[in-house]
Amino acid sequence: MPTAQQKAIGIYLFGLPDKDQAIIQRVITFGATQGKNYIIEADLDNARIAISLDNIELPSNHAVSIRIGDSNLPCDLLLQRPLLVTRVMRALDDATQILKSKPMTAEIPLPNTAEETNTAPPPQQPERAPEPEAPLPKEEKTVTDDYAYTALVVDDSAAIRKQLEIELRDAHIKAEFAETGEEALEKSAWKQYDLIFLDIIMPGIDGFEVCRQMRARKTMKKTPIIMLSGKTSPLDEVQGVIAGASTYLTKPVKHEQFQQTLKRVSKWLTNFAC
């Protein structure tokens, strides 16, 4: 079982109709030509990604859950209909990124049984409990005190939001998030952010329109707005400039490129402050 999981990321289709299964199977077949190693698992215990309908209760022994529909049930990612190959591929890419930040041992049966035997002796529980509680508040205080700026990251991809959060935290910049253009406009209306990272393709209002509306506000005339997109067409960059974007980053965002952009933005912020 461990060797199969190392070679490929298992995907379990939980109660999906044949039509949905056929689309996801097509995505997996296409992904193999792009170097994306996915396989369909017959058993949920061997899967790292579970995909289910929004009205089906999903067992908790999975790493990343993707629901199809418009559900209030808990899940890591939500796929809206109609299912498209590009949309499903993006969800699987996001799930793969989330997997990297999740502890794999939490869902494997063997470590769970070991934990039960380790926690059986009563003296070990009170000794371990206070140890993690003491350092956690101290770490949070030292990080938040070092924040130089606050950024609003606007992107409907959970994986991109997590990646930018880590990149910004390393640069001592606090990150707050919005998943839609409407939410971004609402948040930026009552709070002044030092810089904005804005995805172009989102549900509802797209990034170009959000950028135009932000630039129309007197308080955001000089706020650095960095457009994010998977597109690399020069026309998209021109559209971003016309909308009022400060610069442009293509996704997936590379660490070196992101840090270089942050250096330029920091100079802009210093000049604006002066």
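Residues numbered from 1 in each chain as written. Predicted model: local features only at pLDDT ≥ 70, side-chain atom pairs only at ≥ 80, totals over all residues. Heavy atoms only, no water.

A. Representation of the packing of helix H9 (residues 181–190) against helix H10 (residues 207–215) in the model. Remark: H9 packs on H10, axes separated minimally by 10 Å, with the N-to-C direction vectors making an angle of 15 degrees. Put simply, H9 runs roughly parallel to H10. The two elements H9 and H10 cross, and the hand of that crossing is right-handed. From H9, Gly181, Ala184, Leu185 and Ser188 reach across to H10, where they touch Val210, Gln213 and Met214. In the contact of H9 with H10, the residues fall into four nonpolar, three polar and no charged. (Axes fitted to C-alpha atoms, helices over the stretch in contact; angles between N-to-C directions. Helix = DSSP H or I, 4+ residues; strand = E, 2+ residues; numbered from the N terminus. Parallel < 35°, antiparallel > 145°, perpendicular 65-115°, else oblique. Left-handed = near helix turned anticlockwise from the far one by under 90°. Contact = heavy atoms within 4.5 Å. Nonpolar A, V, L, I, M, F, W, Y, C, P; charged D, E, K, R; others polar.)

B. Main features of a nonpolar patch on the surface. On the surface, Leu235, Val238 and Ile242 cluster together to form a nonpolar patch covering roughly 320 Å² of accessible area. The residue valine 238 is located in helix H11 (residues 234–243) in this model. (Patch = residues over 30% accessible without salt bridge, like charges linked within 9 Å, V, L, I, M, F, W, Y side chains within 5 Å. Areas by Shrake-Rupley, 256 points an atom, 1.4 Å probe, with all protein chains shown as cover. Salt bridge = Lys/Arg side-chain N within 4 Å of Asp/Glu carboxyl O.)

C. Structural detail: the sheet that holds strand S10 (residues 247–250). If you walk across this open sheet you meet the five strands as S7-S6-S8-S9-S10, and the pairing is parallel. Each having just a single partner strand, strand S7 (173–178) and S10 make up the two edges of the open sheet. Across the sheet, the axes of successive neighbouring strands diverge by a mean angle of 20 degrees, strand direction being ignored. Here strand S6 (residues 149–154) runs beside strand S8 (residues 195–199); their pairing, made up of four bridges, is parallel. (Pairing = 2+ DSSP bridges.)

D. Structural detail: helix H8 (residues 158–170). With 13 residues, H8 ought to run about 18 Å at 1.5 Å a step, and its terminal C-alpha atoms sit 19 Å apart, in line with that. For H8, the complete set of buried residues consists of Ala158, Ala159, Ile160, Arg161, Leu164, Glu167 and Leu168. Residue histidine 172 follows H8 closely and has a positive phi angle near 60 degrees. (Expected span 1.5 Å × (residues − 1). Buried < 20%, exposed > 50% of the residue type's maximum accessible area, 1.4 Å probe, protein only.)

E. Here's a closer look at the pairing of strand S3 (residues 49–53). When you tally the buried positions in S3, you get five out of five residues, the bulk of the element. Of the two faces of S3, both are covered, the one formed by Ile49, Ile51 and Leu53 as well as the one formed by Ala50 and Ser52. Pairing geometry for strand S1 (residues 9–14) and S3, over four bridges, is parallel. Along S3, the bridge assignment pairs leucine 13 with isoleucine 51. In the sheet, S3 pairs with strand S4 (residues 64–68) via five bridges, with the strands oriented parallel. In the strand pairing of S4, isoleucine 49 is matched with valine 64.

F. A look at helix H2 (residues 18–33). With 16 residues, H2 extends 23 Å between its outermost C-alpha atoms, agreeing within 8% with the 22 Å of an ideal straight helix rising 1.5 Å per residue. Every buried residue of H2 is listed here: Asp20, Ile23, Ile24, Val27, Ile28 and Gly31. Buried residues of H2, seen end-on, are gathered within an arc of 140 degrees and therefore sit on one face of the element. Exposed residues on H2 whose side chains face more than 90 degrees from its buried face are Asp18, Lys19, Ala32 and Thr33. Against S1, strand S2 (38–40), S3, S4 and helix H3 (85–101) lie the buried residues of H2. Positioned one or two residues after H2, glycine 35 has a phi angle of 80 degrees, which is positive. (Arc of directions from axis to C-beta.)

Just geometry here; none of it tells us what the structure is for.
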